[in-house]
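# Remarks on the overall topology
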Amino acid sequence: MTRNPHLSESTAAGAASDVGVEWDRGNDQWWDWYMSLADGPAPAGPLIDVTPHDPGPLPSDDEVAAELAEPYRVTAEQVRQFEAEAFIKLPGVLSAGTVERLRMRIREMLDESVDPAVGFQSREMMWLHDDLIRSAVLSPRIGGISAALLATRRVRLYHDNALSKEPGSGRTPWHYDAHHFPLDSPKVLTAWIPLQPTPREMGPLAFAKGAEVEKLVADVEFDKHGTSYDRGVSDVFRAHEVAVEDGPFAAGEVSFHSAGCFHTAGANRTMTARVVLATTYFADGTRVVPSPTMVSGDWRKFIPGAEPGERVDSPRNPLLELPAG
Ligand SMILES: O=C(O)CCC(=O)C(=O)O
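One structure accompanies this document, and this report is about it. Quick caveat: nothing in here was measured; it's all calculated off a predicted structure. (Residues numbered from 1 in each chain as written. Predicted model: local features only at pLDDT ≥ 70, side-chain atom pairs only at ≥ 80, totals over all residues. Heavy atoms only, no water.)

### Things to note about the packing of helix 4 (residues 76–85) against helix 7 (residues 140–150)
So the rule is basically this: For helices, the fitted axis covers only the stretch in contact; all axes are lines through C-alpha atoms, and the angles between them, taken along N-to-C directions, range from 0 to 180 degrees. Note on conventions: DSSP H or I runs of at least 4 residues are helices, E runs of at least 2 residues are strands, and numbering of each starts at the N terminus. To sort the angles, those under 35 degrees are grouped as roughly parallel, those over 145 as roughly antiparallel, those from 65 to 115 as roughly perpendicular, and the leftovers as oblique. Here a crossing is taken to be left-handed if its near helix is turned anticlockwise relative to the far helix by less than a right angle, and right-handed if that turn runs clockwise. In what follows, a contact means two residues having at least one pair of non-hydrogen atoms within 4.5 Å. Only Asp, Glu, Lys and Arg are considered charged in this grouping, and only Ala, Val, Leu, Ile, Met, Phe, Trp, Tyr, Cys and Pro are considered nonpolar; every other residue, Gly among them, is considered polar.
At their nearest, the axes of helix 4 and helix 7 sit 9 Å apart, and the two run at 65° to each other. The angle between helix 4 and helix 7 falls in the class roughly perpendicular. Like other packed secondary-structure pairs, helix 4 and helix 7 cross with a definite hand, here right-handed. Along the contact surface, helix 4 presents Gln78, Val79, Phe82 and Glu83, while helix 7 presents Ala148, Leu149 and Leu150. The class makeup of the residues in the contact of helix 4 with helix 7 is five nonpolar, one polar and one charged.

Written out as structure tokens, the structure is:
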């Protein structure tokens with residue numbers, strides 16, 4: 001067994017499946033580790049130059065906030081689909097101009113904080129520092145969709161995440177978020193908000209269809225050092241002919257996946273960074289799992305003060321204001 005170079009003495013210790021200790025580095029280092037668990041050869045060949053997208057006139061900060069205060073009507077059929085498939089892609093959640101404004105701001109925030117040499121760039125908790133990002137992360141529109149899909153009236157924020165998969169950067173391994181978030185409830189979801197039209201070649205998020213497919217891979221042993229977990233999940237899905245939704249995202253289209261949904265993302269084979277705002281929400285009343293693991297990264301940053309078994313309701317986990325009506 002080759003030791004994973006992103007792990008410390010403490011997190012590398014024990015069996016490859018042993019994740020019982022807490023993560024002892026930052027969340028950006030957590031992503032470096034996690035992305036190193038993706039299987040498959042590094043893709044070769046030239047990067048594709050995608051046609052630049054024209055978002056039209058750009059809205060002001062106030063116009064973005066006003067747009068995101070408006071409700072998005074989620075139908076009963078869409079809720080049923082989310083429950084049956086564990087994810088849903090919804091068109092037209094954001095206007096093309098709002099998508100571009102968020103992209104520009106997140107790019108600035110990444111550029112001021114992340115080493116440009118890093119292939120998968122990340123930054124969390126941006127809503128604490130920026131009004132425009134806050135108006136999206138805590139927006140009644142995204143909050144209202146999340147509450148409708150989780151069949152609850154009260155949702156709180158777990159965290160926000162900027163995720164920029166730079167040109168040439170590789171796959172995101174198969175995983176499900178209940179393995180990551182130390183939240184003791186099935187009522188947890190992530191809104192994955194691409195900040196440009198995202199063709200297949202750019203590595204859009206891809207989902208294994210079906211709330212039950214997680215049972216098929218329950219016995220695949222996690223491997224903190226290498227790529228065998230990603231490969232094992234992929235092999236089982238292939239053997240069971242599990243359908244995978246890996247299509248492109250149009251500008252303004254947003255996916256919502258539950259914490260039990262298995263998902264992955266392809267490499268970015270284009271010359272444009274795949275920038276995403278990913279925001280995670282949970283039903284009010286949720287508690288911290290009894291024993292968080294290193295797979296939760298530096299989770300105390302996101303839910304400060306909440307210890308295992310306690311309710312998560314710190315000032316960093318505000319209740320979302322839902323749209324009127
Ligand atoms: O953007 C990616 O490649 C991975 C994101 C992800 O897994 C998530 O937001 O749950």
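From this point, things continue past the structure.
### Overview of helix 4
Rules: Each residue's exposure class comes from its accessible area (1.4 Å probe, protein chains only) as a fraction of the maximum for that residue type: buried when under 20%, exposed when over 50%, partly exposed otherwise. By definition, the arc is the one covered by directions from the helix axis to the C-beta atoms.
Taken as a whole, helix 4 has its buried residues at Gln78, Val79 and Phe82. All buried residues of helix 4 project into a common sector of 105° when viewed along the axis, lining one side. Exposed side chains of helix 4 directed beyond 90 degrees from the buried face belong to Ala76 and Arg80. Immediately beyond the C-terminal end of helix 4, within one or two residues, lies alanine 86, with a positive phi of roughly 75°.

### Remarks on the site of the ligand
Rules: Nearness is judged by heavy atoms alone; a residue qualifies as near a molecule or strand once a single heavy atom is within 4 Å of it. Counted as a polar contact is a pair of N or O atoms within 3.5 Å, where, for protein atoms, one must be capable of donating a hydrogen and the other of accepting one, and residues adjacent in sequence contribute only when both atoms are in side chains. Calculation of accessible area relied on Shrake-Rupley with a 1.4 Å probe; when residues are assessed, cover is drawn exclusively from the protein chains displayed.
In the vicinity of the ligand there are 13 residues, among which Thr172, His175, Trp192, His263 and Arg274 approach most closely. Here an oxygen atom of the ligand sits 2.7 Å away from a polar atom, N or O, in the side chain of arginine 274. For the ligand, whose free accessible area comes to 290 Å², the fraction covered by protein is 96%. For the shell around the ligand, the secondary structure elements donating two or more residues are strand 4 (172–175), strand 5 (188–194), strand 9 (263–265) and strand 10 (274–283). In the shell around the ligand, the residues fall into six nonpolar, five polar and two charged.

### Quick look at the pairing of strand 6 (residues 205–208)
Selection rule: Note: two strands are recorded as paired if DSSP finds a minimum of 2 bridges between them.
Of the two faces of strand 6, the one holding Leu205 and Phe207 and the one holding Ala206 and Ala208 are both buried throughout. In the sheet, strand 6 pairs with strand 9 via three bridges, with the strands oriented antiparallel. Each residue of the ladder has a partner; that of alanine 206, found in strand 9, is threonine 264. Sheet analysis places strand 6 next to strand 7 (residues 244–245), joined by two bridges and oriented antiparallel. Looking at strand 7, one finds that alanine 208 is bridged to valine 244.

### Looking at helix 9 (residues 228–239)
The α-helix advances 3.6 residues per turn, and as a result positions three or four apart in sequence lie on the same side. Here is the rule: By this rule the span expected of a helix is its residue count minus one, scaled by 1.5 Å.
A rise of 1.5 Å per residue sets the reference length of helix 9, with its twelve residues, at 16 Å; its end C-alpha atoms lie 16 Å apart and thus fit the reference within 8%. Tyr229, Asp230, Gly232, Val233, Val236 and Phe237 are the residues of helix 9 that are buried. The buried residues of helix 9 occupy an angular sector of 165° when the element is viewed end-on, so they sit on one face. Looking at helix 9, the residues exposed on the side facing more than 90 degrees away from the buried face are Arg238 and Ala239. Where helix 9 is buried, its residues contact strand 4, strand 6 and helix 8 (213–216). The positive-phi residue at the C-terminal boundary of helix 9 is glutamate 241, with phi of around 50°.

### Some words on the sheet that holds strand 5
Overall, antiparallel pairing links the six strands, which are arranged 1-8-5-10-3-2 in an open sheet. Of all the strands in the sheet, just strand 1 (87–90) and strand 2 (120–124) have a single pairing partner and so form its edges. Across the sheet, the mean angle from the axis of one strand to that of its neighbour is 20°, orientation sign disregarded. Its contacts with the sheet place helix 2 (residues 27–35) against strand 2 and strand 3 (155–165), and it is angled at close to 145° to strand 2. Packing against the sheet, helix 4 makes contact with strand 1, strand 5 and strand 8 (254–258), and its axis sits at approximately 140° to strand 1.

### Digging into the packing of helix 3 (residues 61–69) against helix 5 (residues 96–111)
A pair of packed helices is characterised by two quantities: the angle between their axes and the separation of those axes. It is the contact of helix 3 with helix 5, at a shortest axis distance of 10 Å, that shows an interaxial angle of 120°. Judged on the interaxial angle alone, helix 5 and helix 3 are oblique. Helix 5 is crossed by helix 3, and the crossing has left-handed handedness. Contact residues: helix 3 offers Asp61, Val64, Glu67 and Leu68, while helix 5 offers Thr98, Arg101 and Arg105.

### Description of the sheet that holds strand 4
Strand order across the open sheet formed by four strands is 4-9-6-7, with antiparallel pairing between neighbours. Unpaired on one side and paired on the other, strand 4 and strand 7 mark the two borders of the sheet.

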